Amino acid sequence: ASYKFRVTNTGTAVAKDVLAAIALPEGLAYLSGVDGAVPEEGGVRIPIGQLAPGEGRDFTFRCEAKGPGERTVEIGARAEGD
């Protein structure tokens, strides 16, 4: 399966040390797609760095399902100071 998401700074100040996190449900394993991604138990962390106000970045990643079934992937992002 292939997934796409976008992280955007909707604020008025520079977002520093932005980090995205992908929570993968049981039965779904991260394969590849994002340079610098750090796979870990239950998901993947993606250090993004800095985003200027209004700036966004697109990401695409691939996963493998370990059998049939419906699964939900959760993605979130935060910056220094939340």
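Remember, predicted model here, so these are calculated numbers, not experimental data.

**Some details on the packing of aromatic side chains**
Enumeration over the complete set of coordinates arrives at four aromatic pairs. Seen in terms of ring centroids, phenylalanine 5 and phenylalanine 61 are 6.1 Å apart; in terms of plane orientation they differ by 70°. Their pairing is edge-to-face. Taken together, the residues phenylalanine 5 in strand β1 (residues 2-8) and phenylalanine 61 in strand β6 (residues 56-65) connect sequence positions 56 residues apart. Owing to a relative accessible area of 11%, phenylalanine 5 belongs among the buried residues under this scheme. Between tyrosine 30 and phenylalanine 61 the ring centres are 6.2 Å apart and the planes differ by 35°, which places this aromatic pair in the tilted class.

**A look at the pattern of salt bridges**
Counted under the stated rule, the structure contains four salt bridges. For glutamate 40, the salt bridge is made with arginine 45, and the minimal N-O distance between the two is 3.1 Å. Looking at arginine 45, the relative accessible area reads 35%, which means it is partly exposed. For glutamate 55, the salt bridge goes to arginine 57, with nearest N and O atoms at 3.6 Å.

Thresholds applied
Residues numbered from 1 in each chain as written. Predicted model: local features only at pLDDT ≥ 70, side-chain atom pairs only at ≥ 80, totals over all residues. Heavy atoms only, no water. Phe/Tyr/Trp six-rings, centres within 6.5 Å; stacked < 30°, edge-to-face > 60°. Helix = DSSP H or I, 4+ residues; strand = E, 2+ residues; numbered from the N terminus. Buried < 20%, exposed > 50% of the residue type's maximum accessible area, 1.4 Å probe, protein only. Salt bridge = Lys/Arg side-chain N within 4 Å of Asp/Glu carboxyl O.

Function-wise, these values are silent; they only describe arrangement.
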